[in-house]
Amino acid sequence: MKILNFGSLNIDYTYSVDHILVGGETLSASDRNVYAGGKGLNQSLALARSGAEVWHAGAIGENDGHILLEILETNPINLEYLRILPGVPSGHTFIQVDKDGQNCILVYGGSNHLITYEQIDETLSNFDQGDYLLLQNEINEIPYLMQEAHSKGMKIVLNPSPFDEKIEKMPLQYVDFFLVNEIEAAQLAEGESDEELLDQLVKKFPDSHVIMTVGSGGSYYAHKTIREYHDIFDIQVVDTTAAGDTFTGYFLSSYLEGKNPKDCLRIASAASALAVSKAGAGPSIPTLQEVGKFLSKVNL
Ligand code: RIB
């Protein structure tokens with residue numbers, strides 16, 4: 001069984017600010033850093049650092065993509081399906097991080113939006129029935145990817161983030177695992193409470209596994225009649241960027257290793273707590289060893 005993550009790669013220009021800007025306001029940033037990020041890249045890093053073997057497919061720009069290549073090449077990630085495109089900018093973001101570690105992200109798709117049917121066909125020809133395809137919502141041609149992967153018998157894992165109108169046009173009936181936060185869950189289903197939202201998602205997608213994170217409210221797993229929950233780990237928040245991506249990578253890796261859903265929630269919650277305790281996207285994602293050390297010290 002192989003894991004293919006066909007996903008975005010972004011250069012994150014991250015600015016430390018007192019508060020998130022409001023319309024018409026001008027504000028001085030107290031610091032500025034450039035990190036490798038993008039939901040796709042972050043999730044591949046989380047998978048690799050948690051011990052899973054992952055193939056990352058996507059596209060970066062030749063002129064500015066070196067920061068992305070550097071982090072990918074220094075982690076055990078297979079890159080033969082990553083394309084380096086001349087004459088186009090890599091995907092990039094402008095991120096404000098406020099004094100409480102909360103963020104606000106502006107994304108420019110760049111090379112992430114230049115995925116072709118030909119790249120998809122060529123990449124998928126190397127994967128088979130039972131292999132996993134992980135997707136987020138920061139590249140183009142996702143419906144085609146889902147359609148083709150499904151017809152090969154691949155399992156589809158979707159993190160519908162950032163949520164927009166494109167999600168509703170995707171063949172969501174093919175999704176085997178949804179990894180959503182409570183806001184994305186509320187776009188996909190209706191419910192007053194977290195539990196109700198989860199039940200409605202299960203009703204709408206009766207064969208899918210649903211994993212829902214609720215920020216400080218913990219995380220849930222639901223599949224048919226099974227329900228599991230795990231609380232968050234209390235930690236000093238520095239920067240929440242990539243917390244959800246870390247959770248996704250660690251949950252998937254633990255699940256595919258055969259751990260039970262409750263343990264998967266625990267490991268993914270610990271990994272994402274460690275990610276928010278550090279600045280930046282990719283560089284904040286912990287290794288399995290760091291997660292193990294953290295878990296051995298906490299009582300949850
Ligand atoms: O989920 C965090 C990521 O979202 C950042 O790294 C940024 O690139 C945006 O894609």
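The text that follows walks through the structure, step by step, so that each part is easy to find. The structure displayed is predicted, hence computed values, not measured ones. (Residues numbered from 1 in each chain as written. Predicted model: local features only at pLDDT ≥ 70, side-chain atom pairs only at ≥ 80, totals over all residues. Heavy atoms only, no water.)

### Quick notes on the site of the ligand
Inclusion rule: Residues are classed as near a molecule or strand on a simple rule: at least one heavy atom within 4 Å of it. Pairs of N or O atoms within 3.5 Å make up the polar contacts considered here, provided that, within protein, one atom can donate a hydrogen while the other can accept it, and that residues adjacent in sequence are counted only when both atoms are side-chain atoms. For the accessible areas, the method is Shrake-Rupley and the probe is 1.4 Å, while residue cover comes only from the protein chains on display. Buried and open spaces are told apart on a 1 Å grid over the protein atoms alone, a cavity being a set of points where a 1.4 Å probe fits but cannot get out and a pocket being an open set with protein on both sides within 12 Å along at least five of seven lines. Residues with an atom within 4 Å of a point are the lining residues. More than half of a molecule's atoms lying within 2 Å of a cavity's or pocket's grid points is what places that molecule inside it. Only DSSP runs of H or I with at least four residues qualify as helices, and only runs of E with at least two residues qualify as strands; both kinds are numbered from the N terminus onward.
Neighbouring the ligand are 13 residues, the closest being D12, G38, K39, E138 and D245. One of the backbone N or O atoms of G38 is found 3.0 Å from an oxygen atom in the ligand. Expressed as a share of its isolated accessible area of 280 Å², the protein-covered part of the ligand is 96%. Spatially, the ligand is embedded in the largest pocket. Those elements giving two or more residues to the shell around the ligand turn out to be β2 (10–16) and α1 (39–49).

### Overview of the sheet that holds strand β3 (residues 31–37)
Rule in force here: Between any two strands, at least two bridges found by DSSP are needed for them to pair. Where helices are involved, their axes are fitted lines through C-alpha atoms of the stretch in contact, as for all axes, and angles between N-to-C directions lie from 0 to 180°.
Strand order in the open sheet formed by four strands is β3-β2-β7-β8, and the pairing between neighbours is mixed. Because the sheet does not close on itself, it has two edges, and the strands there are β3 and β8 (103–108). Pairwise comparison of adjacent strand axes, ignoring direction, gives a mean angle of 20° for this sheet. Pairing of strand β7 (residues 91–97) with β8 involves six bridges; the strand directions are antiparallel.

### Concerning the layout of surface pockets
Selection criterion: Grid points are joined across faces, edges and corners, and a volume is the space filled by probe spheres set on the points. Residues were grouped as follows: Ala, Val, Leu, Ile, Met, Phe, Trp, Tyr, Cys and Pro as nonpolar; Asp, Glu, Lys and Arg as charged; and all remaining residues, including Gly, as polar.
Here the largest pocket is characterised by a volume of approximately 1,300 Å³. Forming the boundary of the largest pocket are 47 residues, of which N181, T213, T240, A243 and G244 lie nearest the centre. Ranked by residue count, the leading element in the lining of the largest pocket is helix α8 (residues 243–256), at five residues. Partitioned by chemical class, the residues of the lining of the largest pocket number 19 nonpolar, 21 polar and seven charged.

### Quick look at the packing of helix α9 (residues 261–276) against helix α10 (residues 288–297)
Helix-helix packing is described using two parameters, namely the angle between the two axes and the distance between the axes. Defined as follows: Each angle is binned into one of four classes, with values under 35 degrees roughly parallel, values over 145 roughly antiparallel, values of 65 to 115 roughly perpendicular, and all other values oblique. Contact between two residues is taken to exist if any of their heavy atoms lie within 4.5 Å; hydrogens are not considered.
Interaxial distance between α9 and α10 falls to 9 Å at its minimum, and their mutual angle equals 100°. On the basis of their axis angle, the class for α9 and α10 is roughly perpendicular. Facing R266, I267, A270, A271, A273 and L274 of α9, the residues of α10 in contact are E290, V291, F294 and L295. When the residues that make up the contact of α9 with α10 are grouped by side-chain class, the tally is eight nonpolar, no polar and two charged.

### Thoughts on the pattern of salt bridges
In plain terms, the rule: By definition, a salt bridge exists where a carboxyl oxygen of Asp or Glu is found within 4 Å of a side-chain nitrogen of Lys or Arg. For every residue, the accessible area (1.4 Å probe, protein chains only) is compared with the maximum for its type, and the residue is labelled buried under 20%, exposed over 50%, or partly exposed between those bounds.
Evaluated as defined, the whole model comprises six salt bridges. A salt bridge links D199 to R227, with the nearest nitrogen and oxygen atoms 2.8 Å apart. Of the two residues, D199 sits in helix α7 (residues 194–204) while R227 sits in strand β14 (residues 226–230), which places them 28 residues apart along the sequence. For R227, a relative accessible area of 34% translates into the label partly exposed.

### Overview of the packing of aromatic side chains
Selection rule: When two rings of Phe, Tyr or Trp (its six-membered ring) have centres within 6.5 Å they constitute a pair, described as stacked for plane angles under 30 degrees, edge-to-face for angles over 60, and tilted for the intermediate range.
Throughout the structure, instances matching the rule amount to 13 aromatic pairs. Their ring planes at 25° and their centres at 6.4 Å tell us that Y15 and F94 sit as a pair that is stacked. Of this pair, Y15 sits in strand β2 while F94 sits in strand β7, placing them 79 residues apart in sequence. Look at Y221 and F251: their rings are 6.3 Å apart centre to centre, the planes differ by 20°, and that puts the pair in the stacked class.

### Digging into helix α2 (residues 66–73)
Stated precisely, the cut-off is as follows: Summarising the geometry, the arc corresponds to the directions from the helix axis toward the C-beta atoms.
Those residues of α2 that sit buried are L68, L69, I71 and L72. Take α2 and look down its axis: the buried residues cluster within an arc of 170°, on one side only. Facing away from the buried side of α2 by more than 90 degrees, the exposed set consists of H66, E70 and E73.

### Considering α7
For α7, the complete set of buried residues consists of L197, L198, L201 and V202. Each buried residue of α7 lies within a common arc of 135° when the element is viewed along its axis, so the set occupies one face. Where α7 is buried, its residues meet β11 (177–181), α6 (182–188), β12 (209–213), β13 (219–223) and β14.

### Section: unusual backbone geometry
Of note, the amide linkage connecting S161 to P162 takes the cis form, showing an omega dihedral of -5°. Within the chain, E141 stands out as a residue other than glycine whose phi angle is a positive 65°. Among the secondary structure elements, E141 is positioned in the loop between β9 (132–135) and α4 (142–151). With a relative accessible area of 30%, E141 lands in the partly exposed category. Positive phi is not limited to glycine here, since K224 has a value of about 50°. Owing to a relative accessible area of 43%, K224 belongs among the partly exposed residues under this scheme.

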